[in-house]
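Inside the fold
Residue strings, one per chain:
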Amino acid sequence: MGGLLSRDRRRLDTRIKALLRALPSELSREIAWSLLESPHRSRREVGYKLLAKIGVSATQAADLINRFRGNQDQSALELVAHNSSVLATIDFRYLVDSLAEPYWKARVIEGLITDNRAAAVQFADTHPMQFAHAVGRSRDRSLRRVLSTLAKEHYTDLEFASMCVWAFGCLGAARELAALVRLVRKKFSSPIGTTY
């Protein structure tokens, strides 16, 4: 396959993807896993996409983290983050700290909200933006108080405040949302009194 032209390689990759979708998960998982070793990025991407749909085992999650340590491939970590069922079996703090994209950090915290709430809450202080994002995505109303405390501590950061507005909206937390709006208005009110 190494001597194929790029257009022929793309066609082959498309056919591999279609074949893997048609196979039972237990068969396609093994083939998709082997594609992660391909020297061709397009084939690795096929493997990652399929594994994101069908999931990885705890052993594979640990292997993906080791793979990242060797080659700094963020796709390996994102695949682990995509599979919340394996988070209890890995060093999730290392995972959050190593992920480059804030979105994926939030996805890990969201997964922990379901399976290890105490661990998720620990990220409120170290990763407040991602925590707020995760709370909004999870729609876990029991975290309103934690999010409200964070909002009071960081309301001067308007990017964070806007994330909290969205999260409070997702939670249906009108009282907390109104309190945050009051804090922001008080801090940033225009001395001229201009309204928009």
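Details of the structure are given in the entry above.
1. A few points about helix H4 (residues 58-71)
For H4, built from 14 residues, the straight-helix expectation of 20 Å at 1.5 Å per residue is met to within 8% by its first-to-last C-alpha distance of 20 Å. Taken residue by residue, H4 has Gln60, Ala61, Leu64, Ile65, Arg67 and Phe68 as its buried positions. Buried positions in H4, seen along its axis, are confined to an arc of 155 degrees and lie on one side of it. Turned more than 90 degrees away from the buried face of H4 sit Thr59 and Gly70, all of them exposed. A positive phi of about 60 degrees marks Gln72, the residue just after H4.

2. Comments concerning the pattern of salt bridges
Taken as a whole, this structure holds 5 salt bridges when the rule is applied. A salt bridge links Glu45 to Arg41, with the shortest nitrogen-to-oxygen separation between them at 3.5 Å. Of this pair, Glu45 and Arg41 both sit in helix H3 (residues 41-54), separated by 4 residues, roughly a single helical turn. With a relative accessible area of 35%, Glu45 lands in the partly exposed category. You can call Arg41 exposed: its relative accessible area is 59%. Here Glu110 and Arg107 are joined by a salt bridge, their closest N and O atoms 3.9 Å apart. Residue Glu110 and its partner Arg107 are both found in helix H7 (residues 102-115); the two are separated by 3 residues, about one turn of the helix.

3. Some details on the packing of aromatic side chains
Note on aromatic pairs: each is described by the distance of the centres and the angle between the planes. In the structure shown here, the tally under the stated rule is 3 aromatic pairs. Consider the rings of Phe92 and Phe123, whose centres lie 6.4 Å apart with planes at 65 degrees: the pair is edge-to-face. Pair noted here: Phe92 is in helix H6 (residues 92-98) and Phe123 is in helix H8 (residues 117-126), with a separation of 31 residues, a long-range link. Classification of Phe92 by relative accessible area gives buried; the value is 10%. Under the relative-accessibility criterion, Phe123 is labelled buried at 5%. Here the basic side chain of Arg67 rests over the ring of Trp33, its NZ or CZ set 5.2 Å away from the ring centre. Sitting over the ring of Tyr94, Arg69 keeps its end group 4.2 Å from the ring centre.

4. Concerning the nonpolar core
Ranked by size, the top nonpolar core spans 50 residues in total, and within it Leu64, Val80, Leu95, Val108, Leu147 and Cys164 carry the most contacts. Among the elements that line this core, the one with the most residues is helix H11 (residues 158-171), at 7 residues. Non-local contacts of Val80, meaning those with residues more than four positions away in its chain, are made with Ala61, Leu64, Ile65, Val86, Leu87, Ile90 and Leu95.

5. Describing unusual backbone geometry
Even without glycine at this site, Gln72 takes up a positive phi of about 60 degrees. The topology assignment puts Gln72 in the loop between H4 and helix H5 (74-82). Of note, the phi angle at Arg139 is positive, near 55 degrees, even though the residue is not glycine. On the secondary structure map, Arg139 appears in the loop between helix H9 (128-138) and helix H10 (144-154).

Reading the values: rules and limits
- Residues numbered from 1 in each chain as written.
- Predicted model: local features only at pLDDT ≥ 70, side-chain atom pairs only at ≥ 80, totals over all residues.
- Heavy atoms only, no water.
- Helix = DSSP H or I, 4+ residues; strand = E, 2+ residues; numbered from the N terminus.
- Expected span 1.5 Å × (residues − 1).
- Buried < 20%, exposed > 50% of the residue type's maximum accessible area, 1.4 Å probe, protein only.
- Arc of directions from axis to C-beta.
- Salt bridge = Lys/Arg side-chain N within 4 Å of Asp/Glu carboxyl O.
- Phe/Tyr/Trp six-rings, centres within 6.5 Å; stacked < 30°, edge-to-face > 60°.
- Lys NZ or Arg CZ within 6 Å of the ring centre and 35° of its normal.
- Core = buried A, V, L, I, M, F, W, Y, C linked by side-chain atoms within 4.5 Å.
- Contact = heavy atoms within 4.5 Å.

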